[in-house]
Amino acid sequence: MALFSERYGYTKPSDVIIRERITPEIKNAILTCYDILKERLNSVDCLFIYLNLDEYIWTNFLNMRKSEWTIYTDIISKYIKNERNEWFKKLDLIEICIKYLYFNGKKDLQVSISADIFVGELNRNFRRLNFAYRIVNKEIVEITSEEEIKTIETALSSSKDNIKIHLNNALELYSKRPDADYRNSIKESISAVEVFCREKTGEDTLGKALNTLESNGIVIHKLLKSAFDKLYAYTNQPDTGVRHALMDNDGNYVPQAEEALFMLVSCSAFINYLNKKIK
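An account of the accompanying structure is given in this report. (Residues numbered from 1 in each chain as written. Predicted model: local features only at pLDDT ≥ 70, side-chain atom pairs only at ≥ 80, totals over all residues. Heavy atoms only, no water.)

### With respect to the nonpolar core
Logical step 1: Among the nonpolar cores identified, the biggest contains 80 residues, and Y34, I76, L93 and L122 are the most heavily contacted of them.
Logical step 2: With 10 residues, helix α13 (residues 257–278) is the largest single contributor of residues to this core.
Logical step 3: Contact partners of I76, with chain neighbours within four places excluded, come to Y34, Y50, L53, D54, I57, L93 and C97. (Core = buried A, V, L, I, M, F, W, Y, C linked by side-chain atoms within 4.5 Å. Buried < 20%, exposed > 50% of the residue type's maximum accessible area, 1.4 Å probe, protein only. Helix = DSSP H or I, 4+ residues; strand = E, 2+ residues; numbered from the N terminus. Contact = heavy atoms within 4.5 Å.)

The following block contains the structure:
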């Protein structure tokens, strides 16, 4: 049976945070990054590096005969476009390309700079499109696990409507196009916790709610309680711009995708945790 969030059209975490698949939007963004790489290498008289890379993929990744490759093959783009190719094999290809570029960048500064730009553009688009992977130290790593997605889904499906609305708003603001609203996504995440606290204890702040729960026999380790208090305090600091005046790009702190996702997962996990403790 479909969960509440699915029945009533709420955003599904698995639709927002993309993992173990490459959507058309992500595919096009990856291809655009390769276009930028090719243009950049051509502008610094290093187009031969891209052609050599394409040939390298042909012979060492696809294990095809070298004599069958030509400068018009453009195997990289074709492989990424091909829907029959597995998503993880496409990420393998990207990772091989990155390592190839940096290896050659040891001999040519312009190639190294081009590799930096390529990786930067890939990470920017992965973040923008909520792709659950990033390039770190020349390797693609998963930054959002299935367990984290399930944590959000559990909180959505097991909470009352008013709590669910805040969590869903946090998810939608995180995925907003063309520009996500990370500040207000964090605000909605912590608001879900506040509503939960009021529902369970009648208190309107996390600290008071935890004290009330403890006075009612719900034991929470003091270090864990302290961690929750500090997480809540984070959203109330003037320099975060979450509960106070909106900060611009010249401010001391502007929440990014990583903070918004961390807060969404953490607040969902906290709600799930307290639900189990109270039951």
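### With respect to helix α4 (residues 47–61)
Logical step 1: The end-to-end C-alpha separation of α4 is 20 Å, in line with the 21 Å expected for 15 residues at 1.5 Å each.
Logical step 2: Within the sequence span of α4, burial applies to I49, Y50, L53, D54, E55, I57, W58 and F61.
Logical step 3: Buried residues belonging to α4 abut α3 (24–43), α5 (75–81), α6 (87–105) and α7 (109–128).
Logical step 4: One or two steps after α4, the chain reaches N63, where phi turns positive at roughly 55 degrees. (Expected span 1.5 Å × (residues − 1).)

### Considering the packing of aromatic side chains
Logical step 1: Throughout the structure, instances matching the rule amount to 10 aromatic pairs.
Logical step 2: A centroid spacing of 5.7 Å and a plane angle of 90 degrees characterise the contact between W87 and F88, whose relative ring orientation is edge-to-face.
Logical step 3: Given a relative accessible area of 21%, W87 falls into the partly exposed group.
Logical step 4: The exposure class of F88 is partly exposed, given its relative accessible area of 39%.
Logical step 5: Look at Y174 and Y182: their rings are 5.9 Å apart centre to centre, the planes differ by 55 degrees, and that puts the pair in the tilted class. Take Y174 and Y182: they sit in the same class, and that class is buried.
Logical step 6: Joined through ring pairs, the aromatic side chains of W87, F88, F126, F131 and Y133 make up one cluster.
Logical step 7: Seen from the ring of Y102, K138 lies directly overhead, with NZ or CZ sitting 5.2 Å from the centre. (Phe/Tyr/Trp six-rings, centres within 6.5 Å; stacked < 30°, edge-to-face > 60°. Lys NZ or Arg CZ within 6 Å of the ring centre and 35° of its normal.)

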